[in-house]
Every structure is written in structure tokens, then in C-alpha cells.
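# Structure at a glance
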Amino acid sequence: MRLILLLAIFFSTQAAALDRALVDKLGFGESDEKVVAINAIAASGDPRAAEVLGALAEGELQTSGKLVIIVKNDEAFDAASGDKLALPEEREDVVANNRLRGAVSAALAALKLLSPDRQQRLAALKELSDNAEGADVAMLGIVRRALAAETDPGVKPLLEQVAASLELKGGDREARIAALQRLAGSSSANAKTLLLSYIETEKDADLLAEARKSLRAVEGKRAWAERAGLAFTGISLGSILLLAALGLAITYGLMGVINMAHGELIMIGAYTTYAVQTLFRTKFGAAFDWYLLAALPAAFAVSAAVGMLLERLVIRWLYGRPLETLLATWGISLVLIQTVRTLFGAQNVQVENPAFMSGGVEVLSGVVLPYSRIVIVIFAAAVLAGMWLLLTRTRLGLFVRGVTQNRAMASCVGVPTHRVDTWAFGLGSGIAGLAGCALSQIGNVGPDLGQGYIVDSFMVVVLGGVGQLAGTVYAALGLGFANKLLESWQGAVIAKILVLVFIVIFIQKRPQGLFAVKGRMADA
Amino acid sequence: MTSPILTARSGLARRLYGPAGWLAILVAVLVAFLLFPVLNLAVAPESPFHISAYWVTLIGKIMCYAMVAIAMDLIWGYAGILSLGHGLFFALGGYAMGMYLMRQIGRDGQYQSDMPDFMVFLDWKEFPLAWWNSDQFWWCALLVVAVPGLLAYAFGFFAFRSRVKGVYFSIITQALTYAAMLLFFRNNTGFGGNNGFTDFKRILGTPITTPETRMVLFAVTAAVLIGTLLLARTIVTSKLGRILTAIRDAEQRVMFCGYNPVHYKLFIWVVSAMICGLAGALYVPQVGIINPGEMSPANSIEIAIWVAVGGRGTLVGAVLGAFLVNGGKSFLTQQFPEYWFYFLGLIFILSTLFLPNGVVGLVKSWRKK
């Protein structure tokens, strides 16, 4: 009984704290007065402030006679005190126009800054920093209080930035200088726009100089962030090119077979991934996130099998006739594309990322590295390492190198050259399948997937030098970087054209590629 | 044996073709200049002997392809250089002619402006530099052969001088046409972007879609095709042609004999590119459209298969191959669209595996038996 009494007293004192004059202004005032009232109510930090402002936004705030009331489910409450009233007959809505709504949502967001829930605080900060009007100066008190209480390292920088933008609007001279200095530590795009607009309005020379200094600092940081992002996209594209070209480095680089269907083997790998994904979704929905682990060997196996079949049926008969091989494998690629079209339809299919590959890490404000790309960079490195080990440390690798260097001699010492050819071609095709599995995670999967990579992957192998694994790596990364650098400067299409023209010129200068084996043949 | 050509005792005529060959050309001339015009224009559409506009356009189109095939045979069949970028030269010739046709539209475009529609659309106020003088037919006709020729010269000069050959050469020609395709897809390049040029109204002041104009274009194409064949035959039967064949078979021996292969390769390469440009220029007014898709690497590879099917190093085989494959294509894409790619793919595979000398080689080996 005493507890209830105490609670009642507590609530009534709290409820009474909302200034009736302000609430009246909210109900009856002009538009400008209402905005002032909204901000003042929010700034009071009263627990009922959110309720009243929310009611205004929801259209539940009404007036009856001289009283401002909240009407909810046919029940009326006094807006100022929160006391329940009899529902009056004569009521009028308090109309909230867009300007008022903007003010209310900013004010509510500012109130949420004090919320104990981290997600709510973050959402509120996002709202405040994205809001074109920005938070009203009246919120400065709340924001300062929130800042003093904030300890979370993920929230504090954002909050500091919002606080700084408010101090610049409403703080005194010292506060402004402090705010400007604090902004210098930021690297976000919002800080930059904030400083730019501040410089346009500020008259005070000292403050202006301080603002310029901060702007330079922010821009410097942003430039670094952008460069880091560019370097990463360069590495990312390079690793994709590397994956696409590694298989070709074996079939073309080591065996000398021009395989125009290489891109289609990549495409088959991607479609295998799709098939495995569909199987997991229908049969083992719980383990869906792990479908990639099953898809990798499947993609390798299917592409390798197709490749070995092709070698046995077609390519074997054309060894030593590279131009004919080129035409025949082009024909194979057409047949494979059409087969996939018949089986899966001409439309792109959806390959979903597993949950652990979606999202990304934000290394600096505005520079997000998607997990899928990071995984692919690591994956490309792993495939490269695996291939290197296979070629240098295993018996098959020894045979492949032997057959490449001197087929007749290898045959003489008992190497089954024909079988080695088949296995080597299968290996190259399987790696193409792995590339397809990786590419399915970042791009569209359709029957034409491979066509987009065939020119690029040949460029990588040719530029790197035939028969050179290291050359392939350098060429892929170099092309990736060059492409992205030029892209940031001239746009994607021009970048691509410039890279192609560069390669065409480069081949004329060094027909053997970057890392050619030195020889004394007249026909290099 | 009444033809003046056959009775001519000129050494050149006898060097090019024997009596049977000339007879075949005479038949082709009669079909193109007599049979087609009469059956298309003079015979009533209800008659079973009438040749419809569809067939005139189709055969006209394939004759353009046949010219490209001859160009391809010159460098691949005789000089051993496989180009995967011949579609580029074809398209450049087409674009040069297309510029003139666009200017001939005049104010009949959708926007009723002096500028082509796509330029109005892009809000351009004056013609880009590349369009200079493009309202003059003679200038565009010059561009038709000059642009592919100069590009081929510049590209070939460096490539052959650095002794880029074989598959390397094929791959960089493919990169070249791919880069050009990307360039022409851009609106800012100034050639209509994705859509290219289309909606032509007039050529040399006369409406372009009338049956008479179509027949004239058909006849001109036939004449140029036969001219190209004879020119190519003249080249390959000359001493220069024999050196080219020698370069194909043993380039180093030719070098050690004191010849510089670069000059010979460059000559035939440029001639080949110019023939392609000419074919493209005749193709565009008949088909009514040119867009960057013509430069796609896939198109250029298809050219090689026409020659491979017909038989490399025979010229006639190239023409035959172009007719066979493209005839088959237009038949299959209408009847069984989904099977065309299987069919084309199988042609590529089977002709390289089982028909190394093409249809012409097959016929020759039958004759020997």
C-alpha cells in the first residue's frame, strides 16, 4: 500500500515536470513557436517529452478548449501532466506539417541518445547526422549530456561529430574552436560537408583559419582512406583475374593448348555451385551456410571431368595445330553455353552468399571491405599455393613439367605422356571450376559468364609470359591495379580500353611476356 | 564459248582461272545481273518464280560476308596469319558508310534537326571532328577503305616488325576488336553508342528502301564481290603470292633467302582490311543498321569458320563457306532457333577435326578417286 502510494507520488511529481506553457504553445502556437516548443520540450529531458512529441508526430495530439490533450484509443490524457481525462466532445487536431515532423524526428532522435540500448543510440546518431536540417541547437544540452555519459568506442566518435556540428551552430567561441579541433580527427564524409558549409558562413578570421586547418586534415585522411580502398579493389580484381587465369596458365602456359572454352569451364563451376546451393536449400536447409564447402570440390570435379572429356575427344587430335585448336575449342564453348541455356534457362540464376560472407569490415569511415572479396583474395592465394605445391612437389607435377620441357625425352624415360596431358588438362579445367565457384559469390551467374573473362584471362597469361606461374601472378595483380587506378581516373570503359591497348603495345615490344625463358631460338 | 573473256588470249585471264572457272564466274554474273533483277522486279509477286525482297537482302548480305571471307582467306589461307579482329575492319567500313547515310537523313529524323537524332538526344550542338565532311559521298567512300587500311597498317607494322605471330597475333587482334567495341559502345565516342546508326532514308539522294535501290545495291555488291575474287586471285597467283605462301610454310627460310617477310605480310594484311571495310560499307545500306555488336570477338571468330568450312587457301572455298554457313544460319535461326548454337559449335569442332581442307578439299579428293 505504501509502495503504491510512493510510486504514485513519484509519477505525479515526474509528470508535473513538463512545463504547461510549452505544451500550450505546442497546441496553439504559430509554426515557429511550435518548433521552439518541440525543441524546448525535448531539451528538458523529461521522460514524458518523448510521449508528447510522439503523439504530435502520430496525429494523436489534440486541443479541446484551452487544454492540450493526447487521445489514444478513445481515451484522453492531459498532455502536460499525463492525467487521464473524460473524453471531451469538442476536439481539434494539432496539425503537424513537414517542418514540424522534421523537428519532431530530430528531437526524438536526440532523446534516444540517452537510451541505454546501443542499437537505438546508433540509429539516433545516424538519423541526426543524415538529417539535412541537422539537430536543433536546443538539443545541445542533451547531446552534451549524452557525450559525457557515452563510453562505447563504437558510438562515441559519431556522437562527438554530432556534438561538434551543434557546437558550431550554438556553442560559444571556445566551444566552437574545440569542436573544430575535434572534427580534424574525423575522416567521414559528413565531417567534410559540415566543415565546408561552416566555412561558407563563418566570418571570424581565427575560426575560419581553424576550420580550414581541420578541413585539410579531414581531406588528407579521406584521401588516404580512398587510396586504401582503391588498393584493396585493385588487389580484389587482381585476385579474380588470377583465379580466372591460373587454370589457363596450365592449359595454355604449360601445355600450349589454346582453350577458348576456358571461360565456359569457369561458367560450369559457377553453375555447379548453383546446383549444390539448390540441393542444400531443399535437402539440408539447416546447414545452408556451409554449402560452399561442398560446392568447392563439386565445382572442381565437374569442370575437371568436362575438361578431361574434351581433351580425350577433341583437343588430343589437334596438338601442334594451335590455330585449329583455337577454332575447335571456340566451337566447344558455343555448345557448352547452349547446353547450359537448355538446362538452366537463358536467365541469370541466383547464387546466395552464405551468411558469413555477407557484410564487411569498415576499416576507415567510408571504406568498407566486403567479406566476400576478402575471402576471394585469400582463396586465390590458397589456390595459387596449392597449384605451386602440386607442380613442384608431386609426381604428377614433375611429369607435367617434364612433358612440357621435352615431350620425346619424357616419353623415352617412361612417362605416359598422353595420360599426363589428360590429367594436366583436367587440373587446369578444375581450377577454372574453382574460379567459377568463387565468381558466383560476387557476380551474376548466367550462361554468358565465361565470355566476359576469356579475353581478360588470355591477356593475363600472355602478359605474364607463357609457362611462367610467377609471371601470371604479377600480370594478374598488375592488370587489376592498373584497371582500378585508371578507372578512378577515367571511368571503367576507358580504363578497360587503355589496359587492352597497353597490352597490345606491350606484346609488340616483348612478345614473350614479362618473364620469358631466355633462349636463342630465331622463332621465339 | 562465246564470251569475250573466254576467247581472250590474255595471259592474265589464263593465269587466274581455267575455262571451267571462267564459266562458273559467267554463270554467277548472269545470275546476279540478269536472273535476280528480272525475277525480283519484272515478275509479279504472285508468280512462283518471283524472288522476294527477303531473298535479295539475304543474298546481298551473304555476298558481303563472302568478301570478308576472301579477305580472311588471303591472310589466313595464304599467309598463315589468323586474325580474330576482322570484324573490326568490317564494322569500321560500315560505320564510315553509316556516317554518310546518317547525314543523308537530313531533317527527316525524329527531331527534324540537321544533326542525327542521337546527337540531338545528347544535346550536341556541332558535329565532332570525326564527322568532318561526312555529308560528301566521295569522302565517306574514301574513309571506307582508308580507315581500316590505316589502322591495319599501324597495327600490322608494329606487330609484324616485332615478329608477333601465330596464336599471339590472333589473341591481340581479338583484344583490339574487343577494345574498339567497348569504345564504340560509349555514347561520347560520337557514333551513336549502343544503338549505332539506323533508320536510314536515302543514299545519293534516292530513297534507300525501294526495290530498285535494293536491286542496284545488290548488283553493285555482286560486282564488287566478283572483282574482289579476281583481285585476290591475281595477288595469290603472282610472285608475291608465292612468297606469301612460302612465308606461311617456312618463314625463316624465306628470311634466309633474303626476303623481308614484314613487307609482304603487311601488304596482304592491309589489302585484307580494306576489302573488309568495303564489304562493311556495302553491308550497311542493305541491312539498314550498324552497331558495335559487329565488333564483338565472337563475330570475328565466325569469319574464320566460314573459311575453314569452305577450304583454306582456295578463295573459292571462302566464298562457298560464307554461303554455306550463313545460309545454314538464316535457315536454322528461323526454323530451330535453339539449335543454331549447337550447330555452329559442331561446325567449328567437326570441320577442324575431319575437314582440314574444307568442302573444296573434300571435292578435290573425291575427284582424284
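All values derive from a computational prediction rather than experimental measurement. (Residues numbered from 1 in each chain as written. Chains lettered and ligands numbered in written order. Predicted model: local features only at pLDDT ≥ 70, side-chain atom pairs only at ≥ 80, totals over all residues.)

### With respect to the overall build of chain A
Convention followed: Each helix is a run of H or I in the DSSP string that is no shorter than four residues. Each strand is a run of E no shorter than two, and both are numbered from the N terminus. Radius of gyration here uses only the C-alpha atoms, and the compact-globule reference equals 2.2 Å multiplied by the residue count raised to the power 0.38. Here the C-beta atoms are placed from the backbone, and a residue counts as buried if at least 20 other C-beta atoms lie within 10 Å of its own, exposed if 12 or fewer do, and partly exposed otherwise. The contact criterion used here is simple: two residues whose C-beta atoms, placed from the backbone, lie within 7 Å are in contact.
For chain A, the helix and strand inventory stands at 21 helices and seven strands. In terms of C-alpha radius of gyration, chain A reaches 34 Å, well past the compact-globule figure of 24 Å for 524 residues. Referenced to the eigenvectors of the C-alpha coordinate spread, the extents of chain A come out at roughly 105 × 60 × 40 Å. Per-residue burial for chain A yields a buried fraction of 42% across its 524 residues. Considering only residue pairs separated by 6 or more positions, chain A has 70% of its internal contacts joining residues 24 or more positions apart.

### Notes on the overall build of chain B
Check the secondary structure of chain B and you find 16 helices and four strands. Relative to the compact-globule value of 21 Å for 369 residues, chain B shows a C-alpha radius of gyration of 21 Å, a close match. With 369 residues in all, chain B has 43% of them scored as buried. Long-range contacts, defined as pairs at least 24 residues apart, comprise 77% of the intrachain contacts of chain B with a sequence gap of at least 6.

### Observations regarding the interface of chain A and chain B
As a reminder, the rule being used: Any residue outside Ala, Val, Leu, Ile, Met, Phe, Trp, Tyr, Cys, Pro, Asp, Glu, Lys and Arg is labelled polar, Gly included; the first ten of those are nonpolar and the last four are charged.
Listed per partner, the contact involves 35 residues of chain A and 37 residues of chain B. At 14 residues, the largest contribution of residues to the side of chain A that touches chain B is made by helix 14 (residues 322-344) of chain A. When grouped by side-chain class, the residues that make up the side of chain A that touches chain B number 27 nonpolar, four polar and four charged.

### Quick notes on the confidence of the model for chain B
Residue and element names in this part refer to chain B. Our working definition: pLDDT: the predictor's confidence for each residue, scored from 0 to 100.
The predicted model of chain B averages 91 in pLDDT, with 97% of residues at 70 or higher. Per-element confidence in chain B is highest for helix 12 (residues 261-287), whose mean pLDDT is 96, and lowest for helix 1 (residues 4-7), whose mean pLDDT is 50. In the predicted complex, the global pTM is 0.77; the interface-specific ipTM is 0.87.

### Side note on the sheet that holds strand 2 (residues 67-72) of chain A
Residue and element names in this part refer to chain A. Note the threshold: A pair of strands is treated as paired once DSSP finds two or more bridges between them. Axis definition: a line fitted to C-alpha atoms, over the contacting stretch in the case of helices. Angles run 0 to 180 degrees between N-to-C directions.
Read from one edge of the open sheet, five strands run 4-3-2-1-5, paired in antiparallel fashion. The outermost strands of the open sheet, each flanked by one partner alone, are strand 4 (84-85) and strand 5 (92-93). In the sheet, strand 2 pairs with strand 3 (residues 75-78) via four bridges, with the strands oriented antiparallel. Residue pairing across strands places Ile69 opposite Asp78, the latter belonging to strand 3. Its contacts with the sheet put helix 2 (residues 20-28) on strand 1 (61-64) and strand 2, and the angle it makes with strand 2 is roughly 75 degrees.

### Here we look at the environment of Arg14 of chain B
Mapped onto the secondary structure, Arg14 of chain B falls in helix 2 (residues 11-16). Residues Arg14 of chain B and Ser351 of chain B lie 337 residues apart in sequence; the distance between their C-alpha atoms is 32 Å.

### Some remarks on the domain arrangement of chain A
Keep this limit in mind: Residue ranges for the domains originate in an automatic or database domain assignment.
According to the domain assignment, chain A contains domain 1 (18-99), domain 2 (113-203) and domain 3 (230-509). Placing the centre of domain 1 of chain A and that of domain 3 of chain A at their C-alpha centroids yields a distance of 66 Å.

### A short note on the nonpolar core
Defined as follows: Think of a nonpolar core as buried Ala, Val, Leu, Ile, Met, Phe, Trp, Tyr and Cys residues chained together by C-beta atoms that fall within 7 Å.
Counting residues in each nonpolar core, the largest one holds 192 residues, and the members touching the most others are Met67, Val68, Ala69, Ile70 and Ala175 of chain B. With 17 residues, helix 4 (residues 53-78) of chain B is the single largest residue contributor to this core. Judged by nonpolar contacts, the second largest core, of 57 residues, contains Ala37, Val68, Ile69 and Ala107 of chain A.

### Concerning the domain arrangement of chain B
All names here are of chain B. For chain B, the assigned domains are domain 1 (1-51) and domain 2 (64-299). A C-alpha centroid distance of 28 Å is found between domain 1 and domain 2. Contact with domain 1, which involves 11 residues of that partner, is made by 10 residues of domain 2. Counting only elements with at least two residues in the side of domain 1 that touches domain 2, the list comes to helix 2 and helix 3 (19-42). Examining the composition of the side of domain 1 that touches domain 2, we find that nine residues originate from one element, helix 3, more than from any other. For the side of domain 1 that touches domain 2, the residue count by class is nine nonpolar, one polar and one charged.

### A few points about helix 3 (residues 31-43) of chain A
Residues and elements named next belong to chain A. What counts here: Helix span, as expected, comes to 1.5 Å for every residue beyond the first.
Look at helix 3: 18 Å from first C-alpha to last across 13 residues, which is about the 18 Å you get at 1.5 Å a residue. When helix 3 is considered as a whole, its buried residues turn out to be Lys34, Val35, Ala37, Ile38, Asn39, Ile41, Ala42 and Ala43. Buried residues along helix 3 sit in contact with helix 2, helix 4 (49-58), helix 5 (98-112) and helix 7 (140-149).

### Here we look at the packing of helix 3 of chain A against helix 5 of chain A
Residue and element names in this part refer to chain A. As a reminder of what qualifies: For classification, angles of less than 35 degrees are called roughly parallel, those exceeding 145 degrees roughly antiparallel, those between 65 and 115 degrees roughly perpendicular, and all remaining angles oblique.
Two elements in contact, helix 3 and helix 5, have axes whose closest approach is 9 Å; the angle formed by their N-to-C orientations is 10 degrees. Between helix 3 and helix 5, the crossing angle belongs to the class labelled roughly parallel. Across from Ser31, Lys34, Val35, Ile38, Asn39 and Ala42 in helix 3, the residues of helix 5 making contact are Arg99, Leu100, Ala103, Val104, Ala107, Ala110 and Leu111. Of the residues contributing to the contact of helix 3 with helix 5, the split by class is nine nonpolar, two polar and two charged.

### Notes on the packing of helix 13 (residues 297-310) of chain B against helix 16 (residues 358-368) of chain B
Residues and elements named next belong to chain B. Close contact between helix 13 and helix 16 brings their axes to 3 Å; oriented N to C, the two are set at 5 degrees. If you check the angle between helix 13 and helix 16, you find them roughly parallel. Facing helix 13, whose interface residues are Ala308, Val309 and Gly310, helix 16 presents Gly358, Val359 and Val360. In the contact of helix 13 with helix 16, the residues fall into four nonpolar, two polar and no charged.

### With respect to the pairing of strand 2 of chain A
Relative to strand 2 of chain A, strand 1 of chain A runs antiparallel, the two sharing four bridges. Looking across to strand 2 of chain A, one finds that Gln62 of chain A is bridged to Ile69 of chain A.

### Some thoughts on the environment of Gly247 of chain A
Residue and element names in this part refer to chain A. Summarising the element assignment, Gly247 is placed in helix 11 (residues 205-254). In this structure Gly247 comes out as buried when scored by C-beta crowding, with 33 C-beta atoms within 10 Å. Considering only alpha carbons, one finds Gly247 and Lys25, 222 residues apart in sequence, at a separation of 75 Å. If we ignore the near neighbours within four places in the chain, the residues touching Gly247 are His262, Leu265, Gly428, Ser429, Ile431, Ala432 and Ala435.

### A few points about unusual backbone geometry
All names here are of chain B. A positive phi angle, near 60 degrees, is found at Asp199, a position not held by glycine. Mapped onto the secondary structure, Asp199 falls in the loop between strand 1 (197-198) and strand 2 (202-203). One non-glycine residue, Leu315, lies in positive phi territory at about 65 degrees. The residue Leu315 is located in the loop between helix 13 and helix 14 (316-335) in this model.

### Structural notes on the environment of Phe280 of chain A
Residue and element names in this part refer to chain A. Relative to the elements of secondary structure, Phe280 occurs in helix 12 (residues 262-283). Sequence separation between Phe280 and Lys203 is 77 residues, and the spatial gap between their C-alpha atoms is 65 Å. Not counting chain neighbours up to four residues away, the residues in contact with Phe280 comprise Ala287, Phe288 and Tyr291.

### Describing helix 3 of chain B
Residues and elements named next belong to chain B. Spelled out, the test is: Consider a residue and the seven residues that end there alongside the seven that start there; fitting an axis to each set, the bend is the angle between those axes.
If you check helix 3, its first and last C-alpha atoms are 32 Å apart, about what 24 residues at 1.5 Å a residue would give, namely 34 Å. By the largest-angle criterion, Val31 marks the main kink of helix 3, which is about 35 degrees. Among the residues making up helix 3, those that are buried are Ala32, Phe36 and Asn40. Lining the buried residues of helix 3 we find helix 4 and helix 9 (211-237).

### Quick look at the confidence of the model for chain A
All names here are of chain A. Predicted confidence across chain A gives a mean pLDDT of 81, with 91% of residues reaching 70 or more. Taken element by element, the predicted model of chain A shows its lowest mean pLDDT in helix 1 (residues 2-16) (47) and its highest in helix 13 (residues 291-313) (94). The low-confidence segment residues 5-16 (pLDDT under 50) makes five contacts with residues lying over four places distant or belonging to another chain.

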